Amino acid sequence: MGAGIGLANGFGQLGQFAFNQPVVAVCGDSTFFHAAIPGLINARFNNSNVLMVVLDNGGTAMTGFQPHPGSGTDALGRPAPVVEIEAICKAIGVEVRVRDPFEVDQAIEELYDMLQDGGAKVMVFRRKCFLIESREKAKPRVFVDPEKCIGDECGCARFCSRVFNCPGIIWDQEAKRAKIDEVVCTGCGVCATLCPQGAIIVEEG
Ligand code: SF4
Ligand code: SF4
């Protein structure tokens, strides 16, 4: 709830004592507006070496998708002016980039790039939460092709269900294959981009 950037501020000062680990603080978009801005201003003011990652999913997901100043609607669903996270970052004077986290390779590359040099920076990973999107359009059907998924034999070490570990993917002990839990799966499709066998299929709804 916004405490991360305050702590990261302190860790971001430890380079002078030979601390050489990257310092990353994470918050959501709602928390950015409600609690993280003062910490970010302090990071800029103190020239801390901090990368702040804002996971912008378009709403206050943890408490029921209430709107926030970046949502574009107020609590009664009426249009409201959008306060842009990146505009606030620019006003504070920190470097800010906005990327789609579903472009996984590019997102990783950008993160590493931002960690190369010092100062306070912000990476906004922006992608509307699939629970919001699924209210607005039909959910894609996601399933594992049992012919293509060869489980442990593929050398993936059950990457999808053991490492990536989205709760929408389960391991079928009997079949020795991955399986999608359709109740939990939101249809986002990220797992399909990660399976080395191309065994996870996404069919648009
Ligand atoms: S679906 Fe893909 S990543 Fe998951 S166990 Fe099967 S082959 Fe491995
Ligand atoms: S499609 Fe998205 S929500 Fe569904 S199992 Fe894959 S990663 Fe999880």
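Residues numbered from 1 in each chain as written. Chains lettered and ligands numbered in written order. Predicted model: local features only at pLDDT ≥ 70, side-chain atom pairs only at ≥ 80, totals over all residues. Heavy atoms only, no water.

Asker: Just to check I follow, could you spell out the overall build of the protein for this structure?
Answerer: Per the secondary structure count, the protein includes 7 helices and 8 strands. Along the first, second and third principal axes, the C-alpha atoms of the protein reach 55 × 50 × 25 Å. The 205 residues of the protein split such that 36% are buried. When contacts within the protein are restricted to residue pairs at least 6 apart in sequence, long-range pairs at least 24 apart make up 70% of them. Accessible area for the protein stands at about 11800 Å²; split by element, carbon and sulfur atoms hold 55% of it. (Helix = DSSP H or I, 4+ residues; strand = E, 2+ residues; numbered from the N terminus. Buried < 20%, exposed > 50% of the residue type's maximum accessible area, 1.4 Å probe, protein only. Contact = heavy atoms within 4.5 Å. Areas by Shrake-Rupley, 256 points an atom, 1.4 Å probe, with all protein chains shown as cover.)

Asker: What should I look at first to understand the sheet that holds strand E3 (residues 95-99) in this one?
Answerer: Pairing between the strands of a sheet is mediated by backbone hydrogen bonds and can be parallel or antiparallel. Taking strand neighbours across the sheet as the criterion, the 4 strands line up as E1-E2-E4-E3 in an open arrangement whose pairing is parallel. Looking at the sheet topology across the chains shown, the edges are occupied by strand E1 (24-28) and E3. Adjacent strand axes in the sheet meet at a mean angle of 20°, parallel and antiparallel pairs treated alike. Looking at chain direction, E1 and strand E2 (residues 50-56) are connected through 5 bridges and run parallel. What sits directly across from Cys 27, in E2, is Val 54. In the packing of helix H2 (residues 29-45) onto the sheet, the strands contacted are E1, E2 and strand E4 (120-126), and the crossing angle to E1 comes to about 150°. (Pairing = 2+ DSSP bridges. Axes fitted to C-alpha atoms, helices over the stretch in contact; angles between N-to-C directions.)

Asker: How should the environment of Leu 55 be read in this particular structure?
Answerer: The residue Leu 55 is located in strand E2 in this model. For the pair Leu 55 and Gly 6, spaced 49 residues apart in sequence, the C-alpha to C-alpha distance is 17 Å. Residues in contact with Leu 55, not counting those within four places in the same chain, are Val 26, Cys 27, Gly 28, Asp 29 and Phe 125.

Asker: So what exactly am I meant to see when it comes to the domain arrangement of the protein here?
Answerer: Each assigned domain of the protein is listed here: domain 1 (3-134) and domain 2 (138-203). The three residues of domain 1 that bury the most area against domain 2 are Phe 102, Val 104 and Phe 130, which together make up 74% of that side's buried surface. Joining domain 1 to domain 2, the criterion identifies 0 salt bridges. Inspection of the region where domain 1 meets domain 2 yields 0 residue pairs in polar contact (both at pLDDT 80 or more). Of the residues belonging to the side of domain 1 that touches domain 2, the class tally is 4 nonpolar, no polar and no charged. (Domains from an automatic or database assignment. Buried area = accessible area lost by both parts, 1.4 Å probe. Salt bridge = Lys/Arg side-chain N within 4 Å of Asp/Glu carboxyl O. Polar contact = N/O pair within 3.5 Å; in protein donor to acceptor, adjacent residues only side chain to side chain. Nonpolar A, V, L, I, M, F, W, Y, C, P; charged D, E, K, R; others polar.)

Asker: I keep staring at the site of ligand 1 and nothing clicks. Help me out?
Answerer: As a matter of local geometry, ligand 1 sits amid Cys 149, Cys 154, Cys 156, Arg 158, Cys 160, Ala 178, Cys 195, Pro 196, Gln 197 and Ile 200. Assessed atom by atom at 2 Å from the grid points, ligand 1 resides in the largest cavity. Residue classes in the shell around ligand 1 are distributed as 8 nonpolar, 1 polar and 1 charged. (Near = heavy atom within 4 Å. 1 Å grid on protein atoms, 1.4 Å probe; cavity = no way out; pocket = protein on both sides within 12 Å on 5 of 7 lines; lining within 4 Å. Sits in = over half its atoms within 2 Å of the grid points.)

Asker: Whenever I open this one, the site of ligand 2 confuses me. Can you help?
Answerer: Val 142, Phe 164, Cys 166, Gly 168, Ile 169, Ile 180, Cys 185, Thr 186, Gly 187, Cys 188, Gly 189 and Cys 191 make up every residue found near ligand 2. At a threshold of 2 Å from the grid points, most atoms of ligand 2 map onto the largest pocket. Tallied by class, the residues present in the shell around ligand 2 amount to 8 nonpolar, 4 polar and no charged.

Asker: Could you clarify how one ought to interpret the side chain of Asp 29 in this entry?
Answerer: You can see Asp 29 is positioned in helix H2. At 7.3 Å, Arg 126 is the nearest oppositely charged side chain to Asp 29, a buried residue that forms no salt bridge. Once you skip the residues sitting within four places of it in the chain, Asp 29 turns out to touch Val 54, Leu 55, Asp 56, Asn 57, Gly 58, Gly 59, His 68 and Ile 85. (Lys, Arg positive; Asp, Glu negative; His and termini not counted.)

Asker: Help me understand the packing of aromatic side chains in this model?
Answerer: The relative placement of two aromatic rings is captured by the distance of their centres and the angle of their planes. Counted under the stated rule, the structure contains 2 aromatic pairs. Considering the side-chain rings of Phe 32 and Phe 33, the 5.6 Å spacing of their centres and the 85° angle between planes classify their relative orientation as edge-to-face. On the basis of relative accessibility, which here comes to 13%, the residue Phe 33 falls in the buried class. Lying over the aromatic face of Phe 143, Arg 141 brings its terminal NZ or CZ to 4.2 Å of the ring centre. (Phe/Tyr/Trp six-rings, centres within 6.5 Å; stacked < 30°, edge-to-face > 60°. Lys NZ or Arg CZ within 6 Å of the ring centre and 35° of its normal.)

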